[in-house]
Every structure is written in C-alpha cells, then in structure tokens.
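Here is how the chains run, residue by residue.
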Amino acid sequence: MKRFIPVAEPALVGNEKTYVLDCLDSTWISSSGEYIQRFESAFADFCGARHAVSCCNGTVALHLALLALGVVPGDEVLIPTLTFVATANAVAYCGARPVLVDSEPETWNMNPQLIRKHITPRTKGIIPVHLYGHPMDMDPVLEIAREHNLFVLEDAAEAHGAEYKGRRAGTLGDAATFSFYGNKIITTGEGGMVVTDDDALAANLRQLKGQGQDPSRRYWFPVLGYNYRMTNVAAAIGLAQTEKIEWHLARRRENAMWYRKHLSGYDQFTLSPEKSWAHNAFWINCVLLDRKSPVDRDTLMARLAEAGIETRPFFYPMHTLPMYRDENRERYFPVADDLAVRGFNLPSSASLTEEDVAYICRMLVELAS
Ligand SMILES: *Cc1c(COP(=O)(O)O)cnc(C)c1O
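Residues numbered from 1 in each chain as written. Predicted model: local features only at pLDDT ≥ 70, side-chain atom pairs only at ≥ 80, totals over all residues. Heavy atoms only, no water.

Undergrad: Explain the overall build of the protein here, please?
TA: Helices and strands together make up the secondary structure of the protein, namely twelve helices and 14 strands. Rg of the C-alpha trace for the protein: 21 Å, near the compact-globule value of 21 Å for 369 residues, within the 12% margin. Put simply, the protein has 369 residues, and 58% of those count as buried. The contacts in the protein between residues at least 6 apart in sequence include a share of 70% that link residues at least 24 apart. (Helix = DSSP H or I, 4+ residues; strand = E, 2+ residues; numbered from the N terminus. Rg over C-alpha atoms; globule rule 2.2 N^0.38 Å. Buried < 20%, exposed > 50% of the residue type's maximum accessible area, 1.4 Å probe, protein only. Contact = heavy atoms within 4.5 Å.)

Here's what the structure looks like:
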C-alpha cells in the first residue's frame with residue numbers, strides 16, 4: 001500500500017466520543033448546554049485569562065473581537081502581510097482597512113520596527129499574528145500601542161500554548177482570538193474563541209455573538225448582532241481536547257525536535273525558528289529552502305507528494321491577493337515575498353512517529369538534490 005502522510009490530522013484521543021454521545025443522548029445539540037461553559041472555563045484557565053467567549057470559527061472570533069473593540073468603517077488596522085486571509089478579511093468585514101506590514105526575516109512575524117511608520121490618525125489597532133506557532137515580539141507592539149492609544153488583538157489561531165517571555169499567547173494584548181479548525185493544535189471541527197481579561201469587552205462579545213440581544217430582556221435587540229455561536233457538540237469536543245492539551249503540545253514539540261535531529265547538518269533547510277524569548281507552539285513545522293537550492297520549492301513539493309508526503313506552501317502574502325493587491329501596488333514587502341516563495345509546511349500531526357519524521361527528512365534530502 002502506498003504511504004500517505006498528511007500535513008495535519010486531528011487526534012481525538014481523550015473524552016471526545018463520550019462527551020459527544022452525552023450531547024446526543026441528552027438532546028443538547030444546539031448552542032446551549034453545559035459543555036459550552038465547561039469548554040470556555042477550561043480554555044480560559046489554560047490561557048490564564050478571565051474570560052473565554054466561544055464562537056463558530058476563528059474568523060468569526062476575529063470579527064467579533066474587532067467589533068467589540070470598536071472598529072468602524074474608515075478605521076485602519078495594522079496586520080502582517082504574511083498571514084492567513086482571515087486576519088485581513090475580518091478587518092474588511094468591519095468596513096475598515098487592513099494596513100499591511102512586512103515580515104521580519106527571523107521569526108517570519110510582522111516586523112515590529114516597521115509598525116511606527118504605518119500609523120496614521122485613522123489607525124485604531126494592531127493585530128499581531130503568531131505565525132505557525134511562533135509568538136510575535138510583543139514588547140515593542142505594546143509600547144507603540146500605549147503611545148498611540150491603539151488596541152492590540154492577538155491572532156493566536158495557530159499558537160495555543162505559545163509563550164512570549166514566559167507569558168501565554170492570548171494574554172498579551174487587549175484580547176486574543178483562537179481557531180479550532182480541524183488542522184489547528186486542538187480542534188472542535190469548526191470553532192473559535194475570543195479570550196480577554198476585560199469584563200466589559202467579554203459582555204459585549206457575548207451580546208454580539210447572540211444576535212445583539214439584551215442579556216436581561218428577551219427578544220430585545222438594542223444593537224446589530226450576529227448569530228456567531230458555537231454548538232454544545234463542538235464544545236464537547238473542545239472540552240475533551242482542552243483536557244489533553246498538554247499532551248497535544250508535547251507531541252508537537254517532539255515532532256519539531258525530531259525534524260531538527262533528522263535534518264541537522266543539512267543547511268539548505270531552515271526549520272521553524274524559536275527565539276530565546278519564545279516558546280514556539282510548533283503548530284506546523286516549516287522549512288525555508290535555501291536560495292541556492294538546485295530545485296525550486298514547488299518542484300520539491302511535487303516530488304514529495306509522489307513519495308506520499310503532503311506539504312503546503314506558505315501563505316500568499318495579502319498584498320498579492322486580488323482583494324488587497326490594488327491598494328498595495330506601490331508598496332514593497334521584500335521579506336514576506338521571499339519567505340512566501342521559499343517556505344512550505346511539513347506534516348505535523350500529533351500522531352506522527354519518529355519513523356515517519358525520519359522518512360520525511362530522508363526524502364527531503366534526497367529529492368532536493
Ligand atoms: C486558521 C486561522 C484563522 C481562521 O480560523 P478559522 O477557524 O479557520 O475561521 C485566522 N487566522 C489565522 C492566522 C489562522 O491560521
């Protein structure tokens with residue numbers, strides 16, 4: 001049988017089935033039920049935050065957070081150009097403009113040195129994205145935000161459990177959003193969460209995700225709201241995943257260490273970084289192919305696919321996508337452009353064995369020469 005190693009697959013190794021069956025047996029399958037509160041409070045504890053507000057996916061989590069932080073049409077919000085499209089789209093949903101910032105070469109995150117020159121009187125906030133699990137260098141972001149009275153919303157969709165100078169991703173700014181899509185560090189199938197220490201912001205998020213209903217007056221809708229709720233069934237999976245999150249994180253770290261071990265000495269491959277001040281969540285293991293490599297990235301990915309190894313290219317930077325291209329035509333993002341053509345993602349599931357990783361590394365070395 002031909003071997004196939006996917007980039008990501010969920011690991012449902014805890015109480016997922018028990019809890020989901022409990023939802024079915026009890027008929028609590030919609031968006032009320034005990035698993036919602038239990039998942040929210042377990043996830044808030046994990047992050048070390050006061051509030052966790054569940055919603056139906058990570059994109060919606062960003063939209064809700066931006067609305068609750070007061071983003072309105074005409075505002076500008078700074079984001080890295082190298083991110084998943086949802087970061088930019090959530091800003092656009094608010095009628096605001098995502099202002100794109102180039103990456104830094106070492107962490108691949110938004111370059112904090114470039115933030116200041118993008119601030120205008122319309123700037124409302126900054127969304128640092130902890131790309132592929134590596135936290136952004138947050139101190140400069142927080143300092144600039146304080147100086148200019150901007151909000152800081154972490155997009156931690158890829159960074160559950162990442163740490164910046166000993167502090168968990170999700171507690172570093174005014175609020176943070178997480179995704180529980182099937183390929184993320186933990187999953188609910190589709191799902192999202194907004195995490196914050198701010199009581200008023202949390203209350204606002206809850207109102208917005210529940211059609212804007214007044215919490216003390218049924219069917220009274222004083223503001224424009226949304227139906228962005230998570231189901232009890234998804235929350236049941238999320239609770240089971242959160243109970244085992246330390247295991248999930250340990251498996252991801254072990255994968256990263258295996259890649260380091262089996263590719264050590266092969267300098268044509270630069271693996272996912274981990275700065276001295278950072279604890280990378282290693283959501284997905286990445287490789288940057290050396291500029292002098294005899295094969296290009298796409299050829300190598302095609303060859304790996306033949307060998308049964310699934311890979312993914314880095315995200316296309318936002319300034320190259322049709323929605324955001326025109327207004328950025330005159331601007332240059334040399335670092336993001338370079339990363340985007342040389343980078344790709346390797347299989348990173350919790351279920352990988354060292355033998356799988358050794359095989360992937362052997363094939364990488366062989367097929368890249
Ligand atoms: C996955 C992801 C999202 C969106 O999450 P969904 O749950 O898929 O909507 C947002 N931002 C980043 C950086 C992501 O990787």
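Undergrad: I keep staring at the site of the ligand and nothing clicks. Help me out?
TA: Contacts to the ligand come from 15 residues, most closely from G58, T59, E158, S179 and K184. In this structure, G58 approaches the ligand through a main-chain N or O atom, which is 2.7 Å from an oxygen atom. Between T59 and the ligand, the recorded distance is 2.5 Å, taken from a side-chain N or O atom to an oxygen atom. Judged by the fraction of its atoms near the pocket grid, the ligand is located in the second largest pocket. For the shell around the ligand, the secondary-structure elements that each account for two or more residues are α3 (58–68) and α4 (85–93). A per-class count over the shell around the ligand returns five nonpolar, seven polar and three charged. (Near = heavy atom within 4 Å. Polar contact = N/O pair within 3.5 Å; in protein donor to acceptor, adjacent residues only side chain to side chain. 1 Å grid on protein atoms, 1.4 Å probe; cavity = no way out; pocket = protein on both sides within 12 Å on 5 of 7 lines; lining within 4 Å. Sits in = over half its atoms within 2 Å of the grid points. Nonpolar A, V, L, I, M, F, W, Y, C, P; charged D, E, K, R; others polar.)

Undergrad: Can you help me understand the pattern of salt bridges in this one?
TA: Between side chains of opposite charge, pairing is possible as soon as their charged atoms come close. Taken as a whole and judged by the stated rule, the model has 22 salt bridges. Here R38 ties to E34 by a salt bridge, and the two come within 3.2 Å at their closest N and O atoms. Of this pair, R38 and E34 both sit in helix α2 (residues 34–47), four residues apart, which is roughly one turn of the helix. Note that R97 and E327 form a salt bridge whose closest N and O atoms lie 2.6 Å from each other. (Salt bridge = Lys/Arg side-chain N within 4 Å of Asp/Glu carboxyl O.)

Undergrad: Looking at this structure, how should I read the nonpolar core?
TA: In a soluble, globular protein the nonpolar side chains are often hidden away together inside. If you look at the biggest cluster of nonpolar residues, it comprises 82 residues, and the most contacted ones within it are F43, L66, Y132, L153 and F178. Two domains each donate at least three residues to this core, and these are domain 1 (16–243) and domain 2 (246–367). Excluding residues that lie within four positions of it along the chain, F43 makes contacts with H160, F178, F180, I186, M193, V195 and T242. Counting 26 residues, the second largest nonpolar core, distinct from the first, contains L263, L271, I309 and I360. (Core = buried A, V, L, I, M, F, W, Y, C linked by side-chain atoms within 4.5 Å. Domains from an automatic or database assignment.)

Undergrad: Teacher, can you tell me more about the packing of aromatic side chains here?
TA: Inspection of every chain in the model, using the stated rule, returns 13 aromatic pairs. Their ring planes at 75 degrees and their centres at 5.2 Å tell us that Y164 and W277 sit as a pair that is edge-to-face. Residue Y164 is located in strand β6 (residues 163–164), and its partner W277 is located in the loop between β10 (269–271) and β11 (278–279); the two are separated by 113 residues in the primary sequence. What links up through ring pairs into an aromatic cluster is the set F84, W108, Y132, W283, F314 and F315. (Phe/Tyr/Trp six-rings, centres within 6.5 Å; stacked < 30°, edge-to-face > 60°.)

Undergrad: Which parts of the structure should I look at to understand the packing of helix α8 (residues 245–262) against helix α12 (residues 354–367)?
TA: The geometry of α8 relative to α12 is characterised by a closest axis approach of 9 Å and an angle of 40 degrees between their N-to-C directions. What the angle tells us is that α8 and α12 run oblique. Every pair of crossing elements has a handedness; the one defined by α8 and α12 is right-handed. In this structure, α8 contributes W258, Y259, K261 and H262 to the contact, and α12 contributes E354, V357, A358, I360 and C361. Here the contact of α8 with α12 is composed, by residue class, of six nonpolar, one polar and two charged. (Axes fitted to C-alpha atoms, helices over the stretch in contact; angles between N-to-C directions. Parallel < 35°, antiparallel > 145°, perpendicular 65-115°, else oblique. Left-handed = near helix turned anticlockwise from the far one by under 90°.)

Undergrad: How should I be thinking about the sheet that holds strand β12 (residues 286–289) in this particular structure?
TA: Within a sheet, adjacent strands bond to each other through the backbone by hydrogen bonds, running parallel or antiparallel. Read across the open sheet, the four strands follow the order β10-β12-β14-β13; overall the sheet is antiparallel. The sheet is open, and its two borders are formed by β10 and β13 (312–313), each paired with just one other strand. Pairing of β12 with strand β14 (residues 343–345) involves three bridges; the strand directions are antiparallel. Counterpart to C286 in the pairing with β14 is N345. Each of β10, β12, β13 and β14 touches helix α9 (residues 297–306); the most contacted strand, β14, lies at about 20 degrees to it. (Pairing = 2+ DSSP bridges.)

Undergrad: Where do I start with helix α6 (residues 199–209) in this structure?
TA: Think of an α-helix as 3.6 residues a turn; residues three or four steps apart then line up on the same face. Of all the positions in α6, only L201, A202, L205, Q207, L208 and K209 are classed as buried. Those residues of α6 that are buried lie in contact with α2, β1 (51–55), α3, β8 (175–179) and β9 (192–196). Trailing α6 by a residue or two, Q211 shows a phi angle of about 65 degrees, which is positive.

Undergrad: Where do I start with the sheet that holds β6 in this structure?
TA: Here we have three strands laid out as an open sheet, ordered β7-β6-β11, and antiparallel in their pairing. Strands at the two margins of the open sheet, each flanked by one partner only, are β7 (167–168) and β11. With two bridges joining them, β6 and β11 adopt antiparallel strand pairing. Residue pairing in the sheet places Y164 in a bridge with A278 of β11.

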